[in-house]
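Chain by chain, the residues run as shown.
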Amino acid sequence: MSTTTYSSNNVLNAVAAAAKVLDERKEEVNRLNVFPVPDGDTGTNMSLTIQSVVSNVANLPIGASGADIRKAVTTGALMGARGNSGVITSQILRGLCEGSQGFDEFDVESIAGAFERAREVAFQAVRKPVEGTILTVLRDSAAAAKNAAEQELPLPDALDAIVAEAYASVQRTPDLLPVLKEHGVVDAGGFGLAIIFDAFTAALLGRSGTMVDEMSFARGAHPKVEIEQVNDWEGSQYRYCNEFLVDSDTLDKDAALEFLSTMGDCELCVGEVPKFKVHVHSDHPDQVLKYFLDHGQISEVFIHNMQIQSAERNEKLAAEEQAERKPLGFVAVAAGSGQAEILKSLGVDVIVSGGQTMNPSTKDLLDAAGSVNADAVIILPNNSNIIMAANSAAELSETPCAVVPTKSVPQAFSALFAVDVDASLETNVEEMTEAAQAVKTGEVTWATRDSKDAEGNPIAEGDVIGIADGSIEAVDDSIDGAVLTLLGKMEAEDADTCTILAGEGYSDEDLEALVAKIEEAYDELEVDAQRGEQPLYPIVFSVEQSA
């Protein structure tokens with residue numbers, strides 16, 4: 001059997017990465033939500049649950065034992081569980097922790113045991129399991145884990161097999177649950193669970209993209225899932241979703257579940273003495289709370305009206321459907337919140353997070369292009385490493401799509417100023433590309449290792465380096481010095497404008513001082529300084545030559 005293993009720190013970092021990915025995609029999961037009620041919060045609830053796990057684990061001391069880590073995960077999941085999907089997710093995480101006890105390393109055998117225990121715990125928590133839901137996806141994933149162990153697959157292959165089966169199971173959910181097929185969606189909870197497994201695996205194995213990037217998991221026989229409004233609230237008997245924590249040394253879970261079944265549906269009571277999590281859909285929150293107050297203390301009470309929530313969801317979907325379709329839409333990649341805000345102000349419809357150290361995948365860009373309500377879409381990759389993925393996305397897009405091969409965000413700014421919405425896609429690509437190519441980009445960062453600049457001069461780790469259009473042209477002990485050197489080599493004296501994007505951690509005071517030095521050195525150069533908030537690069541700037 002493969003001996004490939006990972007430390008507890010590797011595993012916990014992968015859990016944190018999975019939480020981040022799920023948070024980014026929670027609205028995608030929410031839009032699929034039609035079962036058990038069309039409240040549209042499955043993704044949000046699952047995300048809050050796993051974020052609580054990450055927060056709880058972060059409080060552990062360095063070098064915490066495996067037992068302490070498993071307890072922190074289990075407790076964090078229970079305390080943070082929100083909604084039916086969140087509570088079930090908490091039980092899956094509890095089972096994974098319980099099933100991994102007795103294993104010193106994270107390997108194929110321990111994974112199979114953990115998944116089998118997760119299946120047992122999650123199914124025990126639900127009084128009336130329904131096929132075609134998150135439980136089905138979990139059961140199928142557990143079967144894949146067992147099969148991987150029996151075949152003695154290498155750990156990376158085993159994890160990939162589990163993720164692939166999770167997505168395959170998600171694809172099958174409409175065939176098992178009629179309400180999903182009726183509305184043309186896959187199960188939201190199952191999809192959320194597959195995202196968690198997928199993102200966890202990608203992070204653990206050091207991949208930049210996830211398996212869903214290569215799979216049309218939710219498309220089935222159709223080119224695109226249509227998310228419909230769900231107006232059949234009369235199909236649900238109860239109005240209020242009730243959830244809370246119970247502290248009790250005497251609570252009998254079986255008796256509590258019997259009581260909850262008389263109050264409503266989707267009843268859950270999980271945990272162990274003295275902490276329990278309760279969830280139920282009921283028209284009588286007062287009676288539910290009284291029962292548990294008679295058996296202990298309650299806290300973290302959440303009660304929301306699912307009918308109102310469903311109506312708000314329908315209004316949001318209707319507004320999206322009625323949004324005016326544009327002749328031309330734009331997708332752009334950005335590495336910082338400031339960059340994203342500027343791009344949006346210039347007409348970009350969808351921002352894809354990414355940059356030099358985090359390249360979005362073809363699937364990320366394809367999904368972004370598909371979400372734009374436009375007759376044609378232009379992708380601005382804003383990094384040379386992303387152009388190939390952008391071209392692949394444009395080729396796969398069902399909507400007419402093209403790429404303006406921008407290598408920096410400043411190039412995208414100029415390209416967007418050249419847009420003519422009345423012109424054809426081809427004409428716009430030509431004009432935007434020409435505008436982008438007239439922009440020279442400079443970037444300032446720190447050397448991560450010993451190297452040499454464009455002229456062969458030595459660079460020591462930690463030196464400030466200036467990069468002009470991909471070539472290291474400046475080495476300095478200060479950011480200001482590197483910027484000024486780059487400006488000289490980029491012939492800023494012949495330029496009209498200089499646009500500066502300040503990175504995260506670069507103060508406004510330092511930015512003002514830098515602008516003053518540039519204006520002193522180039523008195524006819526118009527300097528436009530903005531917050532880009534990009535990581536790793538304190539300064540990204542551009543100069544545009546005179547016509």
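Above this text is the structure in question.
Reference entry: report on the structure contained in this document.

How each quantity is defined
- Residues numbered from 1 in each chain as written.
- Predicted model: local features only at pLDDT ≥ 70, side-chain atom pairs only at ≥ 80, totals over all residues.
- Heavy atoms only, no water.
- Pairing = 2+ DSSP bridges.
- Helix = DSSP H or I, 4+ residues; strand = E, 2+ residues; numbered from the N terminus.
- Axes fitted to C-alpha atoms, helices over the stretch in contact; angles between N-to-C directions.
- Contact = heavy atoms within 4.5 Å.
- Parallel < 35°, antiparallel > 145°, perpendicular 65-115°, else oblique.
- Left-handed = near helix turned anticlockwise from the far one by under 90°.
- Nonpolar A, V, L, I, M, F, W, Y, C, P; charged D, E, K, R; others polar.
- Buried < 20%, exposed > 50% of the residue type's maximum accessible area, 1.4 Å probe, protein only.
- Core = buried A, V, L, I, M, F, W, Y, C linked by side-chain atoms within 4.5 Å.

### Observations concerning the sheet that holds strand E8 (residues 401-403)
Moving on, step 1. With parallel pairing, 4 strands are arranged side by side in an open sheet as E6-E5-E7-E8. With one partner strand each, in any of the chains shown, strand E6 (350-353) and E8 form the two edges of the open sheet. Direction aside, neighbouring strands of the sheet carry axes that sit 20° apart on average.
Moving on, step 2. Of the strand pairs in this sheet, strand E5 (residues 329-334) and E6 are connected by 4 bridges, and their pairing is parallel. Bridge assignment links Val333 to a residue of E6, and that residue is Val352.
Moving on, step 3. Running over the sheet, helix H13 (residues 337-345) touches E5 and E6 and is turned about 165° from E5.
Moving on, step 4. The strands touched by helix H15 (residues 387-396) are strand E7 (377-380) and E8; relative to E8, the strand with the most contacts, the crossing angle is about 165°.

### A closer look at the packing of helix H14 (residues 362-371) against H15
Moving on, step 1. Running from amino to carboxyl end, H14 crosses H15 at an angle of 45°, the nearest separation of the two axes being 8 Å. Relative to H15, H14 is oriented oblique. The hand of the H14/H15 crossing is right-handed. Residue-level inspection shows Thr362, Leu365 and Leu366 of H14 in contact with H15, the latter providing Ala389, Ala390, Ser392, Ala393 and Leu396.
Moving on, step 2. A class-by-class count of the residues in the contact of H14 with H15 yields 6 nonpolar, 2 polar and no charged.

### Side note on the sheet that holds strand E3 (residues 275-282)
Moving on, step 1. The antiparallel open sheet is built from 4 strands, whose spatial order is E2-E3-E1-E4. Two strands lie at the open edges of the sheet, namely strand E2 (264-272) and strand E4 (297-305), each paired on one side alone. Taking the axes of each pair of neighbouring strands and ignoring which way they run, one obtains an average angle of 10° across the sheet.
Moving on, step 2. Looking at chain direction, strand E1 (residues 240-247) and E4 are connected through 7 bridges and run antiparallel. In the sheet register, Asp247 faces E4, and the bridge partner there is Gln297.
Moving on, step 3. Sitting on the sheet, helix H3 (residues 66-80) touches E1, E2 and E3, and the angle it makes with E3 is about 30°.

### Remarks on unusual backbone geometry
Moving on, step 1. With an omega of 10°, the peptide bond between Val273 and Pro274 qualifies as cis.
Moving on, step 2. Structurally, Pro274 is set in the loop between E2 and E3.
Moving on, step 3. In the Ramachandran plot, Glu300 falls in the positive-phi region, its phi being about 50° despite a non-glycine side chain.
Moving on, step 4. Looking at the element boundaries, Glu300 is found in strand E4.
Moving on, step 5. The exposure class assigned to Glu300 is partly exposed, which follows from its relative accessible area of 47%.
Moving on, step 6. Positive phi, close to 55°, is recorded for Glu491, a residue that is not glycine.
Moving on, step 7. Mapped onto the elements, Glu491 comes out in the loop between helix H18 (479-489) and strand E14 (495-502).

### Some details on the nonpolar core
Moving on, step 1. In terms of nonpolar packing, the biggest core is built from 67 residues, with Ile92, Ile111, Phe115, Leu138 and Leu193 touching the most fellow members.
Moving on, step 2. The leading source of residues in this core is helix H9 (residues 188-204), at 10 residues.
Moving on, step 3. In this structure Leu138 touches Ile92, Phe115, Ala118, Arg119, Ala122, Leu193 and Phe197, once residues within four positions along its chain are discounted.

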